[in-house]
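Given next are the chains, with one letter for each unit.
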Amino acid sequence: MESLRRRQPQIRASSRSVEVPSPEIMTVRGTVPPEALGTVAMHEHLWCDSLKAAGNERHSYGTVTATENQAILDDFEAVLQDLRRYKSAGGGSFVEMSVTGLYGDPATVARLSDAADVHVIAAAGFYVDAAIPEPFRDADVEQLTAFLYAVTTRGFDNTGIRPGVLKASASGPDLTALERRAHRAVAKVHLLTGLPVSTHSASPSTRFEAAQGTGGLSQLDLLEDEGVDPSSVIIGHCDVAPDIRIHRRLAARGCYIQYDCIGKEHYVSDTTRTELICALIEKGFANQILLSSDRCRNSDLSSYGGLGYSYLLEVFVPMLRGQGLKEEVIHRLLITNPARALTPTRNREIGATTYAGNYRRRRKRRES
Ligand SMILES: [Zn+2]
């Protein structure tokens, strides 16, 4: 973190000689083949502490003060208990999305993964502008790229634990300048490493703003502009802005649509979520839907009276069956789609060159 500037030349040198990416998926315990993941919750937290975020007072939560609304998840035994229950309910893997600005703890996450024998894929990247600490706030795209690339190759803070996903975040439909730089950096590191990109498309605290639902489109525009193929992009928190027209527009461009606030009925009811999912499937996008519940504070855990990680499988999946979804389709949403979405892309540099040309042509068509 202290040496953003010094790391830069190394990145430039190594970007010329990128090794062929492993088709395996990087977890906090090492690589596993995609078929070993089983059921995957695509956007969760096992450990985070947003109270530490330098700019937290910049958050606005209406009548709720910033300190009352922190994403603090730091009770090892309570997390472990819910993780074990998720496994008993049929869960196999988690994607842990606590990136820079959310103060995750990869070493603790690895201990939890071991203790519960659940695969955990860690994310590297950046949370929303207001939470991003110094020295990243003034960093340019190259510096952010250098930092992130170093994490993907050397691991988090000398732990040797490496990420399997890259994350970019937007605090509303219009990204801030810092968020735009973070998206470009994530795109560049994707092109170097093949790791998939998973986004936070709008903060739940700005959900009225996000109801316009265009945040995901702006994110995809930026990533595509850098040469990222949408098939490597997961637009997260789509259910916070439940506008099926936007979800269909996104899906038609080839990215994944992630409904990952399942159980958070103060945003949107779970019945609405099942309707959105069925509507997308009807339009032929069953292979692009991903699910999760984004548990991010102690009060989300069952020991504290919350719904826990297993709600997704114990309550929500039966609701999907109630809507008439066949087992084969549910298998795709929970197992096949995550395995495909999390597998690193091959030949991405060659692909990116071709892709950038295609993107410019498609953008012209959209604009005309
Ligand atoms: Zn999250």
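Counting restarts for each chain, with residues numbered from 1 along the sequence as it is written. Reporting in this predicted model follows two pLDDT cut-offs: at least 70 for local features of residues, and 80 or more for side-chain atom pairs to be given and counted; totals over whole chains, interfaces and linings ignore these cut-offs and use all residues.

Enquirer: Before we go on, may I ask you to explain the packing of helix α8 (residues 244–252) against helix α9 (residues 270–282) in this structure?
Expert: Packed helix pairs are specified by the crossing angle of their axes together with the interaxial distance, meaning the distance between the axes. Interhelical geometry of α8 versus α9 gives an angle of 40° and a closest axis separation of 10 Å. It follows from the interaxial angle that α8 and α9 lie oblique. Seen from above, α8 lies across α9 with right-handed handedness. Where α8 approaches α9, its residues Ile 244, His 247, Arg 248 and Ala 251 are matched on the opposing element by Leu 276, Ala 279 and Leu 280. Three classes are used: nonpolar for Ala, Val, Leu, Ile, Met, Phe, Trp, Tyr, Cys and Pro, charged for Asp, Glu, Lys and Arg, and polar for all others, with Gly counted as polar. Looking at the contact of α8 with α9 residue by residue, the classes come out as five nonpolar, one polar and one charged. What counts as an axis is a line fitted to C-alpha atoms, over the stretch in contact for a helix, and the angles between N-to-C directions run from 0 to 180 degrees. In this text, helices come from DSSP runs of H or I with a minimum length of four residues, and strands from runs of E with a minimum of two, each type numbered from the N-terminal end. For classification purposes, angles smaller than 35 degrees are called roughly parallel, those larger than 145 roughly antiparallel, those between 65 and 115 roughly perpendicular, and all remaining angles oblique. Should the near helix be turned anticlockwise from the far one by less than a right angle, the crossing is left-handed, and should it be turned clockwise, the crossing is right-handed. For the purpose of contact definition, each residue receives a C-beta atom placed from its backbone, and two residues are in contact when these atoms lie within 7 Å.

Enquirer: Can you walk me through α9 in this structure?
Expert: Residues spaced three or four apart along an α-helix face the same direction, because each turn holds 3.6 residues. The span one expects for a helix is its residue count, reduced by one, times 1.5 Å. Along its 13 residues, α9 runs 18 Å from first to last C-alpha, staying within 8% of the 18 Å computed at 1.5 Å per residue. Here a residue counts as buried when 20 or more other C-beta atoms fall within 10 Å of its C-beta, as exposed when 12 or fewer do, and as partly exposed in between; the C-beta atoms come from the backbone. If you check which residues of α9 are buried, you get Arg 273, Thr 274, Leu 276, Ile 277, Leu 280 and Ile 281. An end-on view of α9 places all buried positions within 160° of arc, on one side of the element. Facing away from the buried side of α9 by more than 90 degrees, the exposed set consists of Thr 271 and Glu 282. Its buried side turned inward, α9 meets α8, β11 (256–259), β12 (289–291), α10 (311–322) and α11 (327–342). Two residues or fewer after α9 comes Gly 284, characterised by a positive phi angle close to 95°. Directions pointing from the helix axis toward each C-beta atom define the arc.

By themselves, these observations are geometric and do not establish any function.
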